[in-house]
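Structural overview for review
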Amino acid sequence: MNEFFAPADILLPAACDMRKWAVVACDQFSSQEDYWDRVETLVGDAPSTLRMIVPEARLGREDASALAAGTFAAMKRYLTGGVVREIPASFVYVRRTQSDGRIRQGLVGALDLEAYDYEPGTDAPVRASEHTVASRLPVRIQVRRGASLELPHVMVLLEDPEKKIIEPLAAETAGLEKLYDFDLMEGGGHLAGWRVTGKRAGEIARTVSGQPGPVKLIVGDGNHSLAAAREFWNRCKAGLTPEQRRGHPARYALVEVNNVYDEAIAFDAIHRVVFGARDSSLAEKLAAACPGSDYAVTCVTAAGERRIALGASGIGELIERIDRFLEEHLEPGARIDYIHGRDAAMALGRQKDAAALLLPAMGKGDFFKTVIRGGLFPKKSFSIGRGPDKRYYMECRKIVP
């Protein structure tokens, strides 16, 4: 049996202020520039994953090419300057105490991109959960091409209702090497990690790859980032021999695997906020376009809140209908943003010439069933956890020989 989720040569900070090193996923707080301004002030000149990513909130404020070049330079400095150290042939067992007090358990390791496919109708053991938008891939591929390191915010889910794969590691930590243990910045909770290697790591790799059913793993967060890694590998391998392909670092992507039945895993809604929405009848038009009473959506504007009933056969279809409606009714100069967190979306919706649509969350039971049946959710259908509880960048891995 070929193991498609395996231990990796993982890089961690050698001697850094961990609170300044670990930064939340770059696609969070995309319309809240003050969040990233605070992070910038906190980090200062200290080594940080902030220097190796480009927060989406900064893309409209600074030159994207210059930002990307800065991340590539920081990666090389950290590699050659002794900022990071290697933890060879290992998984990292992660325990994240979220801002709500719940503990999320995960396992960081290398995913073989040959076992993953994001296309609809695939029979690959590792699959996407949402439709991949081709136009979102080129810039991500370009970034990966210029990078010497990867930092994962991709979270991949397995279906283990009996909790036999990841959860037993909680009772084994006394015999494992602790790699880090610290409070995260900006109210992100607490993060601790232990090294899993040798025979135990091999057992886990075989168990994950040998799960029953046609679908072993499904991408929860970071669908487009993993799709870009796959496309980059497809381009790389074209000029390689079979032997070179087997050991090439770009063939793999560092991810965190979680059990969908972990109590801390929740499919939170990603809300839609329209900026430049001057049409005061947006809610009425949406209700007319989606007749029915299957789901309730709240529209928030400067004028107040309105709860509207919409019809759809499932949560995926509901989101697809809302997105299609917004695209068709977008006023000139208006734009849509996808906001994690109900309170943040409400605050943005109350701004002048804005409107927020607060979407319902998805039940866990719909997730694997939908993908196994060959279905895919629309982009930005759900988020695993609230914004402050999203995955923080911590581990790194080389992606060049």
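The structure this text deals with has already been given above.
I will try to describe carefully the structure that is included in this document. (Residues numbered from 1 in each chain as written. Predicted model: local features only at pLDDT ≥ 70, side-chain atom pairs only at ≥ 80, totals over all residues. Heavy atoms only, no water.)

Looking only at helices and strands, the protein has 11 helices and 21 strands in total. Scaling as 2.2 N^0.38, a compact globule of 401 residues should have a C-alpha radius of gyration of about 21 Å, and the protein matches this with 21 Å. Its C-alpha atoms give the protein principal-axis dimensions of about 60 × 50 × 45 Å. Counting over 401 residues, the protein shows a buried share of 54%. Restricting to contacts in the protein with at least 6 residues of sequence separation, those with at least 24 account for 79%. Put simply, the protein shows about 16600 Å² of open surface, and 50% of that area lies on carbon and sulfur atoms. Put simply, the protein has 53 plus and 54 minus side-chain charges, and the middle of one group is 2 Å from the middle of the other. (Helix = DSSP H or I, 4+ residues; strand = E, 2+ residues; numbered from the N terminus. Rg over C-alpha atoms; globule rule 2.2 N^0.38 Å. Buried < 20%, exposed > 50% of the residue type's maximum accessible area, 1.4 Å probe, protein only. Contact = heavy atoms within 4.5 Å. Areas by Shrake-Rupley, 256 points an atom, 1.4 Å probe, with all protein chains shown as cover. Lys, Arg positive; Asp, Glu negative; His and termini not counted. Charge placed at Lys NZ, Arg CZ, Asp CG, Glu CD.)

Looking at the secondary structure, you find Ser381 in the loop between α11 (365-372) and β19 (382-384). Taking the relative accessible area as the measure of exposure, Ser381 reaches 5% and is therefore buried. Here the side chain of Ser381 touches Pro378 through a polar contact of 2.4 Å, landing on its backbone oxygen. The residues touching Ser381, leaving out its near neighbours within four places in the chain, are Glu130, Ile270 and Ile319. (Polar contact = N/O pair within 3.5 Å; in protein donor to acceptor, adjacent residues only side chain to side chain.)

Summarising the sheet, strand β15 (residues 295-301) and strand β16 (residues 304-310) pair through 7 bridges and their orientation is antiparallel. Bridge pairing in β16 links Thr301 to Gly304. Connecting the antiparallel pair β15 and β16 is a turn made up of 2 residues. In this sheet, strand β18 (residues 354-358) lies alongside β15 in antiparallel orientation, the contact comprising 3 bridges. What sits directly across from Val300, in β18, is Ala356. (Pairing = 2+ DSSP bridges.)

Attention now goes to the packing of aromatic side chains. The full count for this structure, using the stated rule, is 13 aromatic pairs. Between Tyr35 and Trp36, the ring centres sit 5.3 Å apart and the planes meet at 75°, which makes this aromatic pair edge-to-face. Given the relative accessible area of 5%, Tyr35 is considered buried. An aromatic cluster is present here, built from Phe267, Phe367, Phe368, Phe377 and Phe382 joined pairwise through their rings. (Phe/Tyr/Trp six-rings, centres within 6.5 Å; stacked < 30°, edge-to-face > 60°.)

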